[in-house]
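Chain residues, written in single-letter form:
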Amino acid sequence: MRSLKTPERAGFAILCRFLMRALILTGGLGTRLRPLTLTLPKPILPVVNRPFLEHQLLDLRRQGVREVLLATGYKPAAFARAFGNGARLGLKLRYAHETRPLGTGGAVRQALTFFKGTTLVLNGDVLQRLDLASFRRAHASLRAEVSIALTRVADPTQFGLVETDRKGLVKRFLEKPSVEELTCDTINAGAYLFEPSALDLIPPGVLYSLERGLFPELLKRGRRMAGWVSHGYWLDIGTHDKYLQAHVDGLGGAWPLPLGGLRRRGPFLLDRGAKLSPRAVHDGRGQVLLGRGAAVAAGARFSGAGCLGAGVRVAEGAVLNDCVVLDAARIGAEARL
Ligand code: GDD
Ligand code: MG
């Protein structure tokens, strides 16, 4: 018998890694994050002072993805302004715009010609460390048409519940289950591997959902769907609490921040042109990021994580505890946030 680790196999694995394309669903209205999403779409909201999606794109690039298609709907110009053709991030980035929302399934169907072999599809509002190589191995070994990355959460009612059998094949997919319907704690992490054949069932040009339409339909027809549990960091940033949590976690070291170009002064990280009084204090838990040209006066006190956008001013004696302050805001003397 031939060993599994033949050079051909290793070469094939490397090739697969580099051939992967990714479609990212970014067309949602982000209603739960209003009023922030009235001016910017959710995937472009700043997270540690970079458009949220940039973290996801940089991670894809690190794992060998080179071509990405963004399925946009709400405020498409903001995406083009932030990323253009992707060259800044080392990616070939294209856009597929929906003039009216097609839903997660309709967006995938509209991108049919982008699907060449196994293709990665991602929700555009999830911060996660996904091991793509392992995900892909599981997908191939179970010969699935669609594989869903899963994560475990304490309350699955806000997500898509995914129940698998002992081999890892999906038995049930139930979007936003009620408490009575819970049978496990594994949920759809918002990352899928698709074989193009799985798209046949999606009707073209109409509003259609992956979660409420395609996945239950595939299961009903006995087609193979696999679930693969991801153990990496995972957070859907879709609510105010979670948006803040993304910052607290990143500045606390739970997911890797892109630190290029920042200067460190103890727990403070300073971007270009930022000014920090030597008499500003921090309680030592977490880190505080000062964006470009931000200024912090003497006697300002921070505890926990802090993220100040570009040009933010924090006056004397202000107290900030786990705060995200967006670009150009002024925090007055003695203010408590
Ligand atoms: N292009 C496009 N068109 N994208 C859309 C549309 C659309 O009509 N509707 C939603 N999206 C995008 C959103 O921008 C988001 O990135 C993603 O699809 C998921 O939509 P959400 O509205 O954020 O869904 P959710 O958070 O309630 O639930 C989804 O994510 C959970 C994980 O965070 C589902 O996929 C759940 O099953 C999953 O557990
Ligand atoms: Mg979401």
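The coordinates are above.
This part is about the environment of Thr-239. Examined against the element boundaries, Thr-239 turns out to sit in the loop between strand E13 (234-236) and helix H8 (240-251). By relative accessible area, Thr-239 is classed as partly exposed at 29%. If near-sequence neighbours (up to four positions away) are discounted, Thr-239 is found in contact with Arg-32 and Leu-33.

Another point: the pairing of strand E4 (residues 67-72). For E4, the buried fraction is high: 5 of the 6 residues fall into the buried class. Alignment of strand E1 (residues 21-26) against E4, held across 6 bridges, turns out to be parallel. Across the sheet, the residue bridging to Thr-26 is Thr-72, located in E4. Where E4 and strand E5 (residues 92-97) come together, 6 bridges link them in parallel fashion. If you follow Glu-67 over to E5, its bridge partner there is Lys-92. Considered for its hand, the β-α-β crossover made up of E4, helix H4 (residues 76-83) and E5 is right-handed.

The subject of this paragraph is the side chain of His-55. One can find His-55 in helix H3 (residues 52-62). There is a polar contact of 2.8 Å between the side chain of His-55 and the backbone oxygen of Val-47. Setting aside chain neighbours within four positions, we find His-55 in contact with Val-47, Val-48, Arg-50, Leu-127, Trp-255 and Pro-258.

Here we take up the coordination of the magnesium ion (ligand 2). Protein coordination at the magnesium ion (ligand 2) comes from Asp-125 (OD) and Asp-236 (OD), with a distance range of 2.1 to 2.5 Å. With Asp-125 in the loop between strand E6 (119-123) and strand E7 (126-128) and Asp-236 in strand E13, this residue pair connects regions lying 111 residues apart in the sequence. We classify Asp-236 as buried; its relative accessible area is 17%.

Ligand 1 sits among 27 residues. The nearest are Glu-98, Glu-175, Asn-188, Glu-211 and Asp-236. Gly-28 places a main-chain nitrogen or oxygen 2.9 Å from an oxygen atom of ligand 1. Within the contact set of ligand 1, an oxygen atom lies 2.7 Å away from a backbone nitrogen or oxygen of Gly-103. If ligand 1 stood free it would expose 740 Å²; the protein chains cover 89% of that surface.

Definitions and cut-offs
- Residues numbered from 1 in each chain as written.
- Chains lettered and ligands numbered in written order.
- Predicted model: local features only at pLDDT ≥ 70, side-chain atom pairs only at ≥ 80, totals over all residues.
- Heavy atoms only, no water.
- Helix = DSSP H or I, 4+ residues; strand = E, 2+ residues; numbered from the N terminus.
- Buried < 20%, exposed > 50% of the residue type's maximum accessible area, 1.4 Å probe, protein only.
- Contact = heavy atoms within 4.5 Å.
- Pairing = 2+ DSSP bridges.
- Right-handed = clockwise from strand over helix to strand, strands pointing away.
- Polar contact = N/O pair within 3.5 Å; in protein donor to acceptor, adjacent residues only side chain to side chain.
- Donors = N, O, S within 2.8 Å, 3.2 Å for Na, K, Ca; no water.
- Near = heavy atom within 4 Å.
- Areas by Shrake-Rupley, 256 points an atom, 1.4 Å probe, with all protein chains shown as cover.

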